[in-house]
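# A structural walkthrough
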Amino acid sequence: MSGDEPDIVVRREGVHGIPASEYAAALRERLPEYDIRLARTPEEERKLITRTQVVAGKTVDEELLDSAESLELLACSYAGYGHLPMDAIERHGVSVTTASGVHGPNIAEDVLGYLLTLTRRHHEGWRRKQRREWRAYPVGEFAGSTVTVAGLGALGSAVVERLQGFDVDTIGIRHSPEKGGPTDEVVGPDRLHEALARTDHLVLTVPLTDETEGMIGEAEFTTLPPDATVVNVARGPVIDTAALVSAIQSNAIGGAALDVTDPEPLPEDHPLWGFENVLITPHNAGNTPKYYERLADILAENMRRVADTGEYDGLKNQVA
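Computed from a prediction, not measured in an experiment: that's the story for all the values here.

Calculation rules
Residues numbered from 1 in each chain as written. Predicted model: local features only at pLDDT ≥ 70, side-chain atom pairs only at ≥ 80, totals over all residues. Heavy atoms only, no water. Helix = DSSP H or I, 4+ residues; strand = E, 2+ residues; numbered from the N terminus. Buried < 20%, exposed > 50% of the residue type's maximum accessible area, 1.4 Å probe, protein only. Areas by Shrake-Rupley, 256 points an atom, 1.4 Å probe, with all protein chains shown as cover. Lys, Arg positive; Asp, Glu negative; His and termini not counted. Charge placed at Lys NZ, Arg CZ, Asp CG, Glu CD. Pairing = 2+ DSSP bridges. Core = buried A, V, L, I, M, F, W, Y, C linked by side-chain atoms within 4.5 Å. Salt bridge = Lys/Arg side-chain N within 4 Å of Asp/Glu carboxyl O. Polar contact = N/O pair within 3.5 Å; in protein donor to acceptor, adjacent residues only side chain to side chain. Axes fitted to C-alpha atoms, helices over the stretch in contact; angles between N-to-C directions. Contact = heavy atoms within 4.5 Å. Arc of directions from axis to C-beta. Phe/Tyr/Trp six-rings, centres within 6.5 Å; stacked < 30°, edge-to-face > 60°.

### Side note on the overall build of the protein
- From N to C terminus, the protein includes 11 helices and 12 strands.
- Considered along the principal axes of its C-alpha atoms, the protein spans approximately 70 × 50 × 35 Å.
- Counting the 320 residues in the protein, one finds 48% classified as buried.
- Summing over all exposed atoms, the protein offers an accessible surface of approximately 15600 Å²; the carbon and sulfur share of this is 47%.
- Mean positive and mean negative side-chain charge positions of the protein (30 and 52 charges, respectively) differ by 7 Å.

### Some details on the pairing of strand β11 (residues 255-258)
- Here β11 shows a buried face lined by Gly255 and Ala257 and a second buried face lined by Ala256 and Leu258.
- Bridge count for strand β10 (residues 229-232) against β11 is 4 bridges, and the pairing is parallel. Counterpart to valine 230 in the pairing with β11 is alanine 256.
- In the sheet, β11 pairs with strand β12 (residues 278-280) via 3 bridges, with the strands oriented parallel.

### Thoughts on the nonpolar core
- Of all hydrophobic cores here, the largest spans 31 residues; its most connected members are Leu204, Phe221 and Leu244.
- At the level of elements, β7 (169-173), α8 (192-196), β9 (201-204), α10 (241-249) and β11 are the ones that each hand at least two residues to this core.
- Ranked by size, the runner-up nonpolar core spans 30 residues in total, among them Ile36, Leu38, Val54 and Tyr292.

### Looking at the side chain of aspartate 7
- Position of aspartate 7 relative to the elements: it lies in the segment before β1 (8-10).
- No salt bridge is formed by the buried aspartate 7, whose closest oppositely charged neighbour, arginine 37, lies at an N-O distance of 8.1 Å.
- Separated by 2.6 Å, the side chain of aspartate 7 and the backbone nitrogen of aspartate 35 make a polar contact.

### Here we look at the sheet that holds β11
- Ordered in space as β8-β7-β6-β9-β10-β11-β12, the 7 strands form an open sheet in which the pairing is parallel. Of all strands in the sheet, those bounded by a partner on one side alone are β8 (185-187) and β12. Across the sheet, the mean angle from the axis of one strand to that of its neighbour is 15 degrees, orientation sign disregarded.
- By the bridge criterion, 3 bridges tie β7 to β8 in an arrangement that is parallel. Bridging across to β8, isoleucine 171 finds its partner in glutamate 185.
- The sheet strands contacting helix α5 (residues 104-120) are β9, β10, β11 and β12, and the helix crosses β10 at an angle near 155 degrees.
- Those strands touched by helix α7 (residues 154-163) are β6 (146-150), β7 and β9, and its axis lies near 165 degrees from that of β6.

### A look at helix α1 (residues 20-30)
- For α1, the full list of buried residues reads Ala20, Tyr23, Ala24, Ala26 and Leu27. Down the axis of α1, the buried set is contained in an arc of 160 degrees. They therefore lie on one face.

### Remarks on the sheet that holds strand β5 (residues 95-97)
- Read from one edge to the other, the open sheet built from 5 strands follows the order β2-β1-β3-β4-β5, with strand pairing classed as parallel. Of all strands in the sheet, those with a lone pairing partner are β2 (36-38) and β5, marking the two edges. Adjacent strand axes in the sheet meet at a mean angle of 20 degrees, parallel and antiparallel pairs treated alike.
- Of the pairings in the sheet, the one linking strand β3 (residues 54-57) to strand β4 (residues 73-76) comprises 4 bridges and is parallel in character. Residue valine 54 lies in a different strand from β4, and its bridge partner there is leucine 73.

### Brief notes about the packing of aromatic side chains
- Going through the model one piece at a time under the given rule, you end up with 3 aromatic pairs.
- Measuring from ring centre to ring centre gives 5.7 Å for phenylalanine 142 and phenylalanine 166, while their planes differ by 75 degrees; the resulting arrangement is edge-to-face. Of this pair, phenylalanine 142 sits in the loop between α6 (122-130) and β6 while phenylalanine 166 sits in the loop between α7 and β7, and the two are 24 residues apart along the sequence.
- Taken together, Tyr23, Tyr291 and Tyr292 form an aromatic cluster joined through their ring pairs.

Encoded structure:
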C-alpha cells in the first residue's frame, strides 16, 4: 500500500507484560517491505484500522469492524479465539488466525519442571532449606514411568518431544486417535480410563471444550494409581476442582501441579493452597520473552502466503 494506508496495524495492548512495540519491531524485521504501524492510542487505532487490511492484536470489537471496510485479516495474539466476536467477524468476511503453537516450547519446559519436581520432591527440599534443616527425604525416579499426555496438539506434542531421552513410556489421548501422534501409543477418549490405570504422570494439554470440561473428576482420580501425579497446563475447568481436593485429601493421587485453576485466580482461602504436594503457579507457564518473536514468524509467513496467492485463505493457524 502507499500513503496513509498501512499494511499491518498492531494494536497497543501487550502480552505477558511485553509492550506491543516489540511485536511491531519483530514484524518490521521480518517484513521490511511492508508498512507496519503501531497504534499507541484508542484514537490511532480507530483511525488506522479503518484504512488497513491486517490487524494484529488480541481482539477487534464490532464498532471497529463496522468502520474497517478494507479489513481482511485479524491476526489474533492469543492461541484461543473464544473471546472474539466470531459472528460479527464472519459477517464482515474477515479471516482470523491465532497464535497456536507459540506457547509450546516454554510451557513444555514448565511441564518438565513440574514432573521432575514432583518426582524428585524438590519442593520438599526447598521447604527444608527454608527451615535450615539438613535431613534427607525419600524421592522417586522419573525414568521407567509412564507419562500420559491428554491433547496432542502443538502444546502436547512439544511436551512429548521434550520427554525424549528421559527413558519414559508415553501414551497420548486425542479426539481422533487414528491421526496418530508422537507418543508410543495413541488412544481415544473412549479409552481414557484404560490409559489412566497405567499412568504414573498425567499431563493435561487439551483445549477447553464441552467434551473436555470436567474430563478429570472423581471417577478418573479413582482410576489413577494412588501415587500418580497430575499436571494441568490446559484450562482450570478441565479438572473438577472439588474432586481434585478430595483426591488430595484422601491420598487418592500422589500430587498435582497446576498452572491453571478453577476458579481463577484461586482465592486466598482455597484449600488447594494448603497441600504440600500441590504446586501452583499463577497461569504463568505461557510467559516467555520470545512470545512476539514466534508470533511475528506466524504472521510473516502468512503475509508471504497472501503475497503469493492474493488470497487471505489457507493461512497458518486460520480458524475463520
